[in-house]
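A look at the structure
Read off the chains here:
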Amino acid sequence: MVDPFRNMYDDIHILIDDMQYFLIHAPRQTGKTTFLHALAHRLNKEGKYVAVVCSLESAGYTSISIETANEVFVQSLYQTAKVFLSADLMPPNLESYSPSNYLFRNYLTAWCESLSKPLVLLLDEVDALYDDVLISTLRQLRDGFQTRPNHFPQSIALVGLRDIRDFRSRARADNPSIGSGSPFNIKAKSFFLPAFSKEE
């Protein structure tokens, strides 16, 4: 198999150690999901962090409410965590949480507080979200930034097809600024995952 990290692992690991948010973007079928899964498994194997991939694609339709989207996020996170983590590292039981517009942040906070190691969260298909759901999600991530790593993920990757400028446009087409809720003013770097070369 082609190296999924394309010589970017060391650079990304530095950002994780520095408790940064960062973006990874690439066209379809260039190995983003394979990259994320390999990254999470490698981080977990190395033992310094708890790492998991979570796709937000299931909430990517215009008619979904913020509250419902948050429920979808935590359900997806709980299900996907089983692929990467042992039972003692799993996120909290979903039944003890009530629906709310801040469920995703509250759930991540509770999980981080239960772990003995920092959490690295790799969010795939973030740019599948629309309008207020995207804005709400980014604001929840932004709100938790100051409480990391004991009460929020140490590092978060936002992954999708688009770079940062297009995230802003996607979030609110009539206003390119989405205000203090944006994590972009604290993101450290944006990585472009290139198409496979002829040699690859």
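Residues numbered from 1 in each chain as written. Predicted model: local features only at pLDDT ≥ 70, side-chain atom pairs only at ≥ 80, totals over all residues. Heavy atoms only, no water.

1. Quick notes on the overall build of the chain
Looking only at helices and strands, the chain has 6 helices and 5 strands in total. In sequence order, the chain lays out its α and β elements as α-β-α-β-α-α-β-α-β-α-β. Sorting the 200 residues of the chain into buried and exposed places 50% on the buried side. Taking all contacts inside the chain whose residues are at least 6 apart in sequence as the whole, residues at least 24 apart take part in 78%. Split by element, the accessible area of the chain, about 9400 Å² in all, is 46% carbon and sulfur. (Helix = DSSP H or I, 4+ residues; strand = E, 2+ residues; numbered from the N terminus. Buried < 20%, exposed > 50% of the residue type's maximum accessible area, 1.4 Å probe, protein only. Contact = heavy atoms within 4.5 Å. Areas by Shrake-Rupley, 256 points an atom, 1.4 Å probe, with all protein chains shown as cover.)

2. Quick word on the packing of helix H3 (residues 66–84) against helix H5 (residues 131–144)
Contact geometry for H3 and H5: axes closest at 9 Å, N-to-C directions at 60 degrees. Classified by the angle between their axes, H3 and H5 sit oblique to one another. The handedness of the crossing between H3 and H5 is right-handed. Here Ile66, Ala69, Asn70 and Phe73 of H3 come into contact with H5, specifically with Asp132, Val133, Ser136, Thr137 and Gln140. For the contact of H3 with H5, a count of residues per class yields 4 nonpolar, 4 polar and 1 charged. (Axes fitted to C-alpha atoms, helices over the stretch in contact; angles between N-to-C directions. Parallel < 35°, antiparallel > 145°, perpendicular 65-115°, else oblique. Left-handed = near helix turned anticlockwise from the far one by under 90°. Nonpolar A, V, L, I, M, F, W, Y, C, P; charged D, E, K, R; others polar.)

3. Concerning the pairing of strand S1 (residues 21–25)
Across the 5 residues of S1, 5 count as buried, placing the element largely inside the fold. Burial along S1 is two-sided: Tyr21, Leu23 and His25 and Phe22 and Ile24, pointing in opposite directions, are all buried. Both S1 and strand S4 (residues 155–160) contribute to a ladder of 5 bridges, which runs parallel. Note on S4: the bridge partner recorded for Ile24 is Val159. (Pairing = 2+ DSSP bridges.)

4. Quick word on unusual backbone geometry
A cis geometry characterises the amide bond from Arg148 onward to Pro149, with omega recorded as 0 degrees. Along the chain, the position of Pro149 falls in the loop between H5 and S4. Positive phi, close to 60 degrees, is recorded for Glu125, a residue that is not glycine. Note on placement: Glu125 falls in the loop between strand S3 (119–124) and H5. On the accessibility criterion, Glu125 (15% relative accessible area) is buried.

5. Comments concerning the packing of helix H4 (residues 103–114) against H5
Between H4 and H5, whose axes approach to 9 Å, the crossing angle comes to 35 degrees. Handedness of the H4/H5 crossing: right-handed. On H5, the residues touching Leu103, Phe104, Arg105 and Leu108 of H4 are Gln140, Leu141, Asp143 and Gly144. Across the contact of H4 with H5, the residue classes break down as 4 nonpolar, 2 polar and 2 charged.

6. Details of the side chain of Asn44
Note on placement: Asn44 falls in helix H2 (residues 32–46). Judged by relative accessible area, Asn44 falls into the buried class, the value being 18%. There is a polar contact of 2.7 Å between the side chain of Asn44 and the backbone nitrogen of Ala51. Among all residues touching Asn44, those that are not within four sequence positions of it are Tyr49, Val50, Ala51, Phe84 and Leu85. (Polar contact = N/O pair within 3.5 Å; in protein donor to acceptor, adjacent residues only side chain to side chain.)

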